[in-house]
Each structure stands twice: as C-alpha cells, then as structure tokens.
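In case you want the letters, here they are:
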Amino acid sequence: MLALVLALLPALLCAPLPAHANGSTQPRAITPRGPLDAEESNNINVFRKTSPSVVHITTLAYQRDLFSMRVTEQPQGTGSGFIWDEAGHIVTNFHVIQGGDRATVTLADQSSFPAKLVGAFPDRDLAVLRIDAPRAKLTPIALGSSRELQVGQKVYAIGNPFGLDQTLTTGIVSALNREIESVTRRTIRGAIQTDAAINPGNSGGPLLDSAGRLIGVNTSIYSPSGASAGIGFAIPVDEVNRIVPRLIRDGRVIRPALGITSGAANLAQALGAPKGVLLVGVASGGPAAKAGLQPYARDRLGRIVPGDVITAVDGQPVADLDDLLSLIEQRQIGEKASLTVWRAGQTRKVVATLGSSD
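Definitions and cut-offs
Residues numbered from 1 in each chain as written. Predicted model: local features only at pLDDT ≥ 70, side-chain atom pairs only at ≥ 80, totals over all residues. Heavy atoms only, no water. Helix = DSSP H or I, 4+ residues; strand = E, 2+ residues; numbered from the N terminus. Buried < 20%, exposed > 50% of the residue type's maximum accessible area, 1.4 Å probe, protein only. Polar contact = N/O pair within 3.5 Å; in protein donor to acceptor, adjacent residues only side chain to side chain. Contact = heavy atoms within 4.5 Å. Core = buried A, V, L, I, M, F, W, Y, C linked by side-chain atoms within 4.5 Å. Expected span 1.5 Å × (residues − 1). Arc of directions from axis to C-beta.

(A) Quick look at the side chain of Q166. Along the chain, Q166 turns up in the loop between β7 (154-159) and β8 (167-181). Residue classification places Q166 among the buried residues on the basis of a relative accessible area of 19%. At 3.3 Å, the side chain of Q166 and the backbone oxygen of V54 are in polar contact. Those residues in contact with Q166 that lie beyond four places of it in its chain are F47, S51, V54, A108, I158, G159 and N160.

(B) Expanded view of the nonpolar core. F82, V91 and V240 are the most contacted members of the largest nonpolar core, which totals 21 residues. Elements supplying a minimum of two residues to this core: β6 (126-131), β7, β11 (214-221) and α5 (237-250). The leading source of residues in this core is α5, at 5 residues.

(C) Representation of helix α3 (residues 38-50) within the structure. The terminal C-alpha atoms of α3 lie 18 Å apart, and with 13 residues this matches the ideal 18 Å at 1.5 Å per residue to within 8%. Of all the residues in α3, the buried ones are N43, V46 and T50. Viewed end-on, α3 has its buried residues packed into an arc of 70°, placing them on one side of the element. Of the exposed residues in α3, those oriented more than 90 degrees away from the buried face are A38 and R48. At the N-terminal end of α3, a side-chain oxygen is found 3.2 Å from the backbone nitrogen of E39, two or three residues along, and the residue is D37.

(D) Quick peek at the environment of R102. If you trace the backbone, R102 turns up in strand β4 (residues 102-106). Relative accessible area serves as the criterion here: at 34%, R102 is assigned to the partly exposed category.

Any functional reading would require information beyond the geometric quantities listed.
Set out below in structure tokens:
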C-alpha cells in the first residue's frame, strides 16, 4: 500500500489546481470607503489643530554614588503638558516634575528643549515651566471655560501615556464638581470626571471639548492597577486660568488671607461650638482682627473664654479649614469677604478685607 502511495505522489503534486484556487493568488480589489462621518472628521480636526500645542515632559534626578561620590542622572518620570503662550510657558501637573532636578520638553515635531521651573502650586497640582524655543514652534492652546460644561459633553484627551507620544482618546464628561486630593493632601474641588482613557503619562496633558478648546488639565486616574479604568479627573480650566498667570508673575501663588489660626477639627465639638473654623489665634492688626474677630482663650483662672467660629463665607457654609481656604483663595488680595461668625450661641455677620499670606 505504501508503495502505491509513493508511486502516485508525483502525479498528485503536479496536478493542476482548480480555477478558483488560481484566482486567490491575486490581491483583491479595495472597496471604496466613502467620506468620513461628521464625528470622525471632527475627531481628526481636533487632533490636528491641538496636537502641536501638546508636549512631552521628561525629568531627571541627580544621584550621588555613596562610595565614589560620582554624580549621575537617573530618569525620574514622564508626563504631558501644553503650550500656554508665545513666551514659551508650559503648563503641567506639579507631580509630573516633583522630585526632578532637570526637565526636558519635547514638542510635537520631536525637537527638545531644556525647561526651567517658573512656579508651582502643589495644592492644585499645577506647575509652569518655560522653554527657550523659536516662536514658530510655539502654538498656544485655545482656552475654553469649565463653567459652561454639562454632563454628557464629548471630550478629548491628548497626551503621552506610557511614553507613547501624541495619543488621542475620547469620552464624555461623566460628572462635574468632583473632589480629588492633591499631593499636599489639600482637596481640589470642582474637578471634572471623564471616562476618556487617561493612563500614566497623560498627567498634565489637556482635556478638550469638541471645539478643541482646553477645558481641564488631566491630573489623575482612579484605578487599583494604575491604568485607565474609566474614571479620570481633570482640574477645571477656570481654576487653571486663575492660577497660571499668578505663577508666571510671582513664581508662586500669593494667597489672600484672614490672619487666623484654627483649632483642631474635633475642638469645636468638644467645646459645644457649631461646625466651622474655630479660631485659636488672630494676628494682631490682620484682616480678622480689624473685623473684630476674637480667638478662644483662657482667663487668669484657666477658664475658657468663648471666641469666634467662622461658619460661612459669603453665604457658603464652611465645615473646616480646607473649606475656608478654598473659598478665600478664589478671591484677590484686597477684596472684601462677608463672614458668618458664631460666638457663645450668637450668630453675626462681619466684613473682612483680605490681606496677603506673605
């Protein structure tokens, strides 16, 4: 039997293939696609218009060898950012450059420039760098407003996740007025929640509306694994537009202040006072002192003398010092703030002119 198979094998190998088998060796004709739909066209337009404004940021840290004392540079981290103005200012997250000794900004055309730190505001996870690049390479991003956002709006995120440059992801505004924690443990209020994929490396990059305008700065993802899990957050652009000019001008945010010292969070409850900011110190000659506010104190016999508890600012309740600072920081030095104050069971309103935190 084996001999018969071997004898027939040459004939089988040389037999002509069916006609349909011969046709399969030729490339198939391409089916015409037709025009892109409106959504696809807009996605492409937003990316083309905005990607020149998005940058890749890498940071290095100096390390000294314990024995040779030789100093080397080690990669510290990477992230995204965007061009703020024609002077070369770059906006990113503070945590992107935190701990780094040197930063490099790579533009969309892959040209790289050393960056200098202009200023940072860790409480809002924002930082401003500056590069000395030719004006022709600097395309400032278009600004929108976060005040007008609605849940369900389409959004785009452009950044450099996992070091992959110029990546576009899409999604919607999932929720507004979220609260996230900054690197200093201060609460960032009013954050935008989105389901657009935001992965490590996207931090500091722009969140855009369907017109390609900046509406937020991508800052964090909520995920046990560290990768995108459908919940990302961005600092609203109205907050960014308030803080960045101050960082460019002063190198830091000089905050408005009342000149007070607050007690521990549980002290108000222990003293039978309402929830708010209980004063244990009032700076002499400061805004609070000029408005007539007084701290809790002890008399000569050691008895507690009731002082003031700030319970609201311009009618907005404050539950703790973080609430108070968030409301005060939205104002300018020299502005007046109406304070609702409680003392010994009596509530009153006073007006304080905000001073400087310096």
